[in-house]
Amino acid sequence: MPLNGLKQDATNAWPTVLLRQALLHVGLFFLFLALSRVALIFQATELRTSPWTPSTGLAFAAGLVLGRPAILTVALCIFVSTRLWEWPLPGLWEFASVVLRALLFTGTAVASKSFLTDAAASRVQIVIRLLIVCAGITLAYAFGRLVLLRLSVGIDLTYLLSYTTTLSIGTLIAMITLVPFVLASGELSGWGDYFLSWTRIQWAFVGALIIACYIVFGLQVTDQFKFFYLIFIPVIAFCVKDGLRGAAFSVFLSDVLMLFILYWRSYEASTATELQFLMLSLSATGLFLGAAVSDRERAME
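The following paragraphs examine the structure supplied in this document. Residue indices begin from 1 for each chain and proceed along its sequence in written order. In keeping with the predicted nature of the model, local features appear solely for residues at pLDDT of at least 70, side-chain atom pairs appear and are counted solely at 80 or more, and the whole-chain, interface and lining totals rest on all residues. The basis for every side-chain value is the complete set of non-hydrogen atoms in the structure, without hydrogens or water.

Runs of H or I in DSSP of at least four residues are treated as helices and runs of E of at least two as strands, each being numbered from the N terminus. Scanning the protein from N- to C-terminus turns up eleven helices and zero strands. When the helices and strands of the protein are listed from N to C terminus, the series reads α-α-α-α-α-α-α-α-α-α-α. A simple rule labels every residue: compare its accessible area, found with a 1.4 Å probe on the protein chains alone, to the largest value its type can have, and call it buried under 20%, exposed over 50%, or partly exposed in between. Looking at the protein as a whole, 50% of its 301 residues qualify as buried. Between two residues, a contact is recorded if the distance between any of their heavy atoms is within 4.5 Å. Summarising the internal contacts of the protein: among those between residues at least 6 apart in sequence, 77% fall at separations of at least 24.

Here the focus is helix H2 (residues 54-66). To estimate how far a helix should extend, the number of its residues minus one is multiplied by 1.5 Å. End to end, H2 covers 18 Å across 13 residues, agreeing with the expected 18 Å (1.5 Å per residue, within 8%). Of all the positions in H2, only Pro54, Ser55, Thr56, Gly57, Leu58, Ala59, Phe60, Ala61, Ala62, Gly63, Leu64 and Leu66 are classed as buried. Looking one or two residues past H2, Gly67 carries a phi angle of roughly 75°, positive in sign.

Residues three or four positions apart in an α-helix share a direction because the helix packs 3.6 residues into each turn. Here helix H3 (residues 69-84) spans 23 Å end to end across 16 residues, near enough to the 22 Å set by a 1.5 Å rise per residue. Where H3 is concerned, the buried positions are Ala70, Ile71, Thr73, Val74, Ala75, Cys77, Ile78, Ser81 and Thr82.

With that settled, consider the nonpolar core. Counting 78 residues, the largest nonpolar core has Phe60, Phe217, Phe228, Ile231 and Met258 as the members making the most contacts within it. Tallying contributions element by element places helix H10 (residues 232-264) first for this core, with 16 residues. In this description, a nonpolar core means a group of buried Ala, Val, Leu, Ile, Met, Phe, Trp, Tyr and Cys residues linked to one another through side-chain atoms lying within 4.5 Å.

How two helices pack is summed up by the angle between their axes together with the distance between the axes. Between H2 and H3, the least distance of the axes is 8 Å, while the angle of their chain directions is 155°. Accordingly, the angle class assigned to the pair H2 and H3 is roughly antiparallel. In this structure, H2 crosses over H3, and the sense of that crossing is right-handed. Residues Ala59, Ala62, Gly63 and Leu66 of H2 pack against Pro69, Ala70 and Val74 of H3. Helix axes are fitted to C-alpha atoms over the stretch in contact, other axes to C-alpha atoms as well, and angles between N-to-C directions run from 0 to 180 degrees. Any angle that falls under 35 degrees is termed roughly parallel, while one over 145 is termed roughly antiparallel, one within 65 to 115 roughly perpendicular, and all others oblique. For any pair of crossing helices, the crossing counts as left-handed if the nearer helix is rotated counterclockwise from the farther one by less than a right angle, and right-handed if it is rotated clockwise.

Attention shifts here to the packing of aromatic side chains. The geometry of an aromatic ring pair is captured by two quantities: the separation of the ring centres and the angle between the planes. Aromatic pairing here means that ring centres of Phe, Tyr or Trp (its six-membered ring) are within 6.5 Å. Orientation follows from the plane angle: under 30 degrees is stacked, over 60 is edge-to-face, and everything else is tilted. In this structure the tally under the stated criterion is 16 aromatic pairs. Taken together, a centroid distance of 5.3 Å and an interplanar angle of 75° make the contact between Phe195 and Trp198 edge-to-face. What makes Phe195 partly exposed here is its relative accessible area of 35%. You can call Trp198 buried: its relative accessible area is 11%. Consider the rings of Phe238 and Phe249, whose centres lie 5.5 Å apart with planes at 65°: the pair is edge-to-face. For the pair shown, Phe238 and Phe249 are each scored as buried. One aromatic cluster is present, formed by Trp191, Tyr194, Phe195, Trp198, Trp203, Phe205, Phe238 and Phe249 through successive ring pairs. Here, a charge over a ring is recorded when the distance from Lys NZ or Arg CZ to the ring centre is within 6 Å and its angle to the ring normal is within 35 degrees. Here the basic side chain of Arg245 rests over the ring of Trp191, its NZ or CZ set 5.6 Å away from the ring centre.

Note on definitions: salt bridges are taken to be side-chain nitrogens of Lys or Arg within 4 Å of carboxyl oxygens of Asp or Glu. Counted under the stated rule, the structure contains three salt bridges. Between Asp242 and Lys241 there is a salt bridge, and its shortest N-O distance comes to 3.9 Å. In this structure Asp242 comes out as buried when scored by relative accessible area, which is 17%. With a shortest N-O distance of 3.8 Å, Arg298 and Asp295 are connected by a salt bridge. Separated by three residues within a single helix, Arg298 and Asp295 lie in helix H11 (residues 269-300), roughly one turn from each other. Judged by its relative accessible area of 17%, Asp295 falls in the buried class.

The structure is reproduced here in structure tokens:
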């Protein structure tokens, strides 16, 4: 093909690329608002924060997928969602909080993309890197949020520590729950192919996970957390069957099921804290096991 023809094709492709990027950012905006609203459903009234903040996980994933332009979109999302539903800080302090969150979650994702998507690294190494990055972001966000709240509002330090702890753990859970969807399959079509390839075995795993969550958290006689280990069984089954992709899906589904059942049961703040650590342990265990299975399958190919 002549050089002029190649240039013409590239010029004609630009509108399509820009339109696709615009649609992705618009979708990110509305999905972020929806997840922010969902998080408030599980808000503990004593702490005014949710044990799970999926919008922060989305903000991190957006940086991996959309790159630097996502920082501004996420900043706008945070500002709008805070004004609509959350707890805005007075004056310019809220703008400082928006910048802090956008740079920490989305900006860090952009900076660490090559570190987290290194094709030469094993899946276990990627999971370890993800946990390290997410833990670092969580600690930085906890410290920054604590300082901003203390300086802008002057709330009692004891309350602030409880609020920040719940918020930070919820942030960490959200990131290690949602980001693996991006790492396990870079394109949405990959997940579509995965779900279309399901057999009765995967559907049986889903049914077992729903039943296990209901038995553990939905029945009064089981005392909620006493039989939590039952939830590990279908998650482990997904990991062994489908590797990291099965781990990412089962961890996400189990976390959502536990939260909805406990919301239905009207949990207290103390229950939320205990739930967070259980979700954290389940998520980390599932991701490590799924990554190990995927590495073994790749080594056998």
